[in-house]
Amino acid sequence: MATMIIEGERTSAASGKTYEVRNPATGEVVDKVPSGGPADVDKAAQAAHKTFATWSKLPANQRREILHKAAQHMLGKVEEIATILTKEQGKTILESRLEARRFGENIAWFADLADKIHGQHVKLPDTTTYGLVVRKPIGVCGAIVPWNFPLTLAANKVAPAIAAGNTVVLKPASTTPLSTLACIEALIEGGLPEGVVNVVLGQATGEAIVEHPLIRKIALTGSTPTGKRVMAKAAEQLKKVTLELGGSDPCIVLDDADLEGAARAISVGRFFNCGQQCLSTKRLYVQEGVYDALMEKLIARASKLKPGNGLDKDTRMGPMHSETQRAEVEAQIKDAIDRGAKVLYGGGRPKGAEYEKGWFIEPTILGDVPDGARMWTEEVFGPALPVRKIKDLDEGIRLGNDTPFGLGSSIWTSNMAAAYRAVQELEAGYTWVNALVIAHDELPFGGTKQSGFGKEHGVEAFLQYTEEKSVVYGGVG
Ligand code: NAD
């Protein structure tokens, strides 16, 4: 049975309760896990608080070296961790390997910043004094993670937090705790001191993290409704929050676009991870002149995405993560079809005995999806793409912005003026121009509107795990 990681201990829940983690492809039990609650969060927060006193005081270059060594050790276990991730999450083993590798790389990327971010020296009008701006870590940080990219999204929070000298209480999604535990164990085996990252498990630990007075900052990736609840709760103690929430990213393809490149990017953007991505291609607007040609290319790509168990090397798309998630996407597809959308590809479940025990669904492309359909107004968190013809860029930008979300966006065109307008006018935290929807460590990533605020990735993320303090030194002149 898996255990929580709290300082030097590997513990069950204080309540003794457990639950089962099941494989979304087969329904089989992968492991039993403690179902923690407020008492476990309290223990983890106390441990993180105690460790903060030593971890935050280590010379920054030593923190950098410890984190590099730990990341290297973890990266030696990618294959083992990727298998666990596929079993609990459902994604293909190829996707799991990429994700497990990203975890270690992210720790290493932020490790390099540990001793590179400086404060400032400030001249003051009274020359017998001078000012300093010093950057300090915040303290204990809470990291709350969803199930779609359990490792990437944990690393996005843990890596900058601990590189800056904070300690962490980490809560994976209740259905994907095992690969996260394996990553943190690997970091500890590789030399990360016990207590720097503590892992609590179970649904109830999320709220308890937000409420715990020793936890000074909350970083959440999750749905927009969860973000609103967390922000309201965190406000009671005026905690800092970073919220990475839902998205409904538009993609605009103009008549002068490289259609082969666009089709590849849209296919990866919509179907990678069985469509369960925050940054994704969730609404497609295609200029009339290239609509048919682009649909042909997209359909050809979708038809190659063989659904199956993620551990099978021929599988190109795993199952959806849960029955509820699949039911939600199927309801959104049905709503569009009932309103008159055309099924261009997929639209149902793959047939065959091998699909009966898992939450499989076909990659789906729907054309002429009418205004008002749920696929336009809600986040579609699965492999289903609504498409609509547009007359021109104006219409594309208007429709693209017609959403409460503002996470990502893309445009495909060879007209640089059109691309520039899209970059200026699309309301989103990221715009890709003729490029694959991939987030880069170097670029700050985060949403606008109801997709949240605060940044992960980049120097900006590191800064958000520090506080500035102004200091005046007197009597020096
Ligand atoms: P979710 O909001 O249901 O859960 C996310 C995490 O929050 C889980 O660990 C959950 O246990 C915890 N949680 C739930 N209620 C809580 C509360 N009241 N207090 C504290 N913690 C609580 O999301 P999900 O279904 O696991 O993930 C899918 C959602 O996440 C989608 O909307 C997706 O777009 C979003 N997401 C956003 C990004 C991003 O970077 N913007 C990335 C990935 C996923």
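Structure shown above.
Residues take numbers from 1 onward in each chain, read along the sequence in its written order. This being a predicted model, a pLDDT of at least 70 is required before a residue's local features are given, and a value of 80 or more before pairs of side-chain atoms are given or counted; all residues contribute to the totals for chains, interfaces and linings. Water and hydrogen atoms were dropped before computing side-chain values, which therefore reflect all heavy atoms in the structure.

**A few points about the overall build of the protein chain**
Counted only if it meets this: Segments assigned H or I by DSSP are reported as helices when at least four residues long, segments assigned E as strands when at least two residues long, and all are numbered from the N terminus. Our radius of gyration looks at C-alpha atoms and nothing else; its globule reference is 2.2 Å times the residue count to the power 0.38. Accessibility here uses a 1.4 Å probe with only protein chains present; expressed as a share of the type maximum, an area under 20% marks a residue as buried, one over 50% as exposed, and anything in between as partly exposed. Note on definitions: a residue-residue contact is assigned when non-hydrogen atoms from the two residues lie within 4.5 Å. Areas reported as accessible are Shrake-Rupley estimates using a 1.4 Å probe. Residue values count occlusion only from the protein chains shown.
Each helix and strand counted, the protein chain has 15 helices and 20 strands in total. Taken against the 2.2 N^0.38 rule, which gives 23 Å for 477 residues, the C-alpha radius of gyration of the protein chain at 23 Å falls within 12% of a compact globule. Sorting the 477 residues of the protein chain into buried and exposed places 54% on the buried side. For the protein chain, contacts bridging at least 24 residues in sequence account for 73% of all contacts bridging at least 6. Of the roughly 19100 Å² of accessible surface on the protein chain, 53% is carried by carbon and sulfur atoms.

**Some remarks on the sheet that holds strand 17 (residues 410-412)**
Within a sheet, neighbouring strands are paired by backbone hydrogen bonds and run either parallel or antiparallel to one another. Rules: Pairing between strands requires that DSSP locate at least two bridges from one strand to the other. A fitted line through C-alpha atoms serves as each axis, taken over the contacting stretch for helices, and the angle formed by two N-to-C directions is quoted from 0 to 180°.
In space, the seven strands of this open sheet follow the order 14-15-16-13-12-17-18, with mixed pairing throughout. Pairing within the sheet leaves two strands with one partner each, and these edge strands are strand 14 (342-345) and strand 18 (432-433). Of the strand pairs in this sheet, strand 14 and strand 15 (residues 364-367) are connected by three bridges, and their pairing is antiparallel. Looking across to strand 15, one finds that tyrosine 345 is bridged to isoleucine 365. Helix 10 (residues 291-302) contacts strand 12 (250-253), strand 13 (283-287), strand 14, strand 15 and strand 16 (384-390) of the sheet and is inclined by roughly 140 degrees relative to strand 13.

**What to know about the site of the ligand**
Inclusion rule: A single heavy atom is enough: if one lies within 4 Å of a molecule or strand, its residue is considered near that molecule or strand. Nitrogen and oxygen atoms within 3.5 Å of one another constitute a polar contact, given that in protein one can donate a hydrogen and the other can accept it, and given that sequence-neighbouring residues count only through two side-chain atoms. Under the scheme applied, nonpolar residues are Ala, Val, Leu, Ile, Met, Phe, Trp, Tyr, Cys and Pro; charged residues are Asp, Glu, Lys and Arg; polar residues are all the others, including Gly.
Taken together, 28 residues surround the ligand, and among them Val145, Thr226, Leu245, Cys278 and Glu379 come closest. The separation between an oxygen atom of the ligand and a polar side-chain atom of tryptophan 147 is 3.1 Å. At a separation of 2.7 Å, a nitrogen atom of the ligand approaches a polar backbone atom of leucine 245. Protein chains shield 89% of the accessible area of the ligand, which is 850 Å² for the free molecule. Of the residues belonging to the shell around the ligand, the class tally is 14 nonpolar, nine polar and five charged.

**Remarks on a negative patch on the surface**
Under the convention used in this document: Within this analysis, patches are made of residues with over 30% relative accessible area and no salt bridge. Like charges are joined at 9 Å or less; nonpolar side chains (Val, Leu, Ile, Met, Phe, Trp, Tyr) at 5 Å or less. The working definition used for a salt bridge is a side-chain nitrogen of Lys or Arg within 4 Å of a carboxyl oxygen of Asp or Glu. Counting rule applied: Lys, Arg positive; Asp, Glu negative; His and chain ends not counted. Charged side chains are reduced to one point each, which is NZ for Lys, CZ for Arg, CG for Asp and CD for Glu.
A surface patch of negative charge is lined by Asp255, Asp256, Glu288 and Asp392. If you trace the backbone, aspartate 255 turns up in the loop between strand 12 and helix 9 (259-271).

**Focus: the pattern of salt bridges**
Applying the stated criterion across every chain, the model contains 34 salt bridges. With a closest N to O distance of 3.2 Å, lysine 240 and glutamate 467 form a salt bridge. With lysine 240 in strand 11 (residues 240-244) and glutamate 467 in strand 20 (residues 466-473), the pair connects residues that are 227 residues apart, well separated along the chain. Residue lysine 240 is classed as partly exposed on the basis of its relative accessible area, which comes to 35%.

**Here's the deal with the packing of aromatic side chains**
Quick reminder of the rule: For Phe, Tyr and Trp, where Trp contributes only its six-membered ring, two rings pair if their centres lie within 6.5 Å, and the inter-plane angle classes them as stacked under 30 degrees, edge-to-face over 60, or tilted in between. Whether a charge sits over a ring depends on NZ of Lys or CZ of Arg being within 6 Å of the ring centre and within 35 degrees of the ring normal.
Going through the model one piece at a time under the given rule, you end up with eight aromatic pairs. Aromatic pair tyrosine 130 and tyrosine 473: ring centres 5.3 Å apart, planes at 15 degrees, arrangement stacked. In this pair, tyrosine 130 is assigned in strand 6 (residues 130-137) and tyrosine 473 in strand 20, connecting sequence segments 343 residues apart. On the basis of relative accessible area, tyrosine 130 is assigned to the partly exposed category, the value being 25%. Ring geometry for phenylalanine 149 against phenylalanine 272: centres 6.4 Å apart, planes inclined by 15 degrees, an arrangement best described as stacked. Of this pair, phenylalanine 149 sits in the loop between strand 7 (140-144) and helix 5 (150-163) while phenylalanine 272 sits in the loop between helix 9 and strand 13; the two residues are 123 residues apart in sequence, bridging distant segments of the chain. Positioned above the aromatic ring of tyrosine 291 is the side chain of lysine 389, whose terminal nitrogen or guanidinium carbon lies 4.8 Å from the ring centre.

**Examining the nonpolar core**
Quick reminder of the rule: Buried residues of nine kinds, namely Ala, Val, Leu, Ile, Met, Phe, Trp, Tyr and Cys, make up a nonpolar core once their side-chain atoms join them within 4.5 Å.
With 77 residues, the main nonpolar core has Phe103, Ile162, Leu170, Ile184, Leu192 and Val197 as its most contacted residues. Each residue touching leucine 170, except ones within four places of it in the same chain, is listed here: Ala143, Val145, Ala154, Val158, Thr180, Ile184, Val197, Asn198, Val199 and Val200. Of all hydrophobic cores here, the second largest spans 48 residues; its members include Leu298, Met320, Ala341 and Leu426.

**A look at the sheet that holds strand 6**
Here three strands make up an open sheet; going across it, the order is 5-6-20 and the pairing antiparallel. Only two strands of the sheet have a single neighbouring strand rather than two, namely strand 5 (120-123) and strand 20. Direction aside, the axes of adjacent strands within the sheet are offset by 25 degrees on average. Pairing between strand 6 and strand 20: eight bridges, direction antiparallel. The residue bridging arginine 135 from the neighbouring strand is glutamate 468, located in strand 20.

**Section: helix 14 (residues 416-425)**
Just so we agree on the cut-off: Here the arc refers to the set of directions running from the helix axis out to each C-beta atom.
Taken together, the buried positions of helix 14 are occupied by Ala418, Ala419 and Ala422. An end-on view of helix 14 places all buried positions within 100 degrees of arc, on one side of the element. Opposite the packed face of helix 14, turned more than 90 degrees from it, sit the exposed residues Met416, Ala417 and Tyr420. The secondary structure elements touched by the buried residues of helix 14 are helix 13 (393-400), strand 17 and strand 18. Two to three positions downstream of the cap, the backbone nitrogen of alanine 417 sits 2.8 Å from a side-chain oxygen, assigning the N-cap of helix 14 to asparagine 415.

**Remarks on the side chain of glutamate 88**
Here glutamate 88 shows up in helix 3 (residues 78-89). A distance of 2.5 Å separates a polar atom in the side chain of glutamate 88 from a polar atom in the side chain of serine 179. Excluding residues within four positions of it along the chain, glutamate 88 makes contact with Val21, Arg22, Pro24, Thr175, Thr176, Pro177, Leu178, Ser179 and His321.

**Concerning the environment of lysine 32**
Note that lysine 32 resides in strand 4 (residues 29-34). Using a relative accessible area of 41% as the deciding quantity, one classes lysine 32 as partly exposed. When the C-alpha positions of lysine 32 and leucine 178 are compared, they lie 9.7 Å apart, and in sequence the two are 146 residues distant. Among residues more than four places away in sequence, those in contact with lysine 32 are Met1, Ala2, Thr18, Tyr19 and Glu20.

**Considering the environment of arginine 229**
By the element assignment, arginine 229 lies in helix 8 (residues 224-235). With 19 residues separating them in the primary sequence, arginine 229 and valine 210 have C-alpha atoms 10.0 Å apart.

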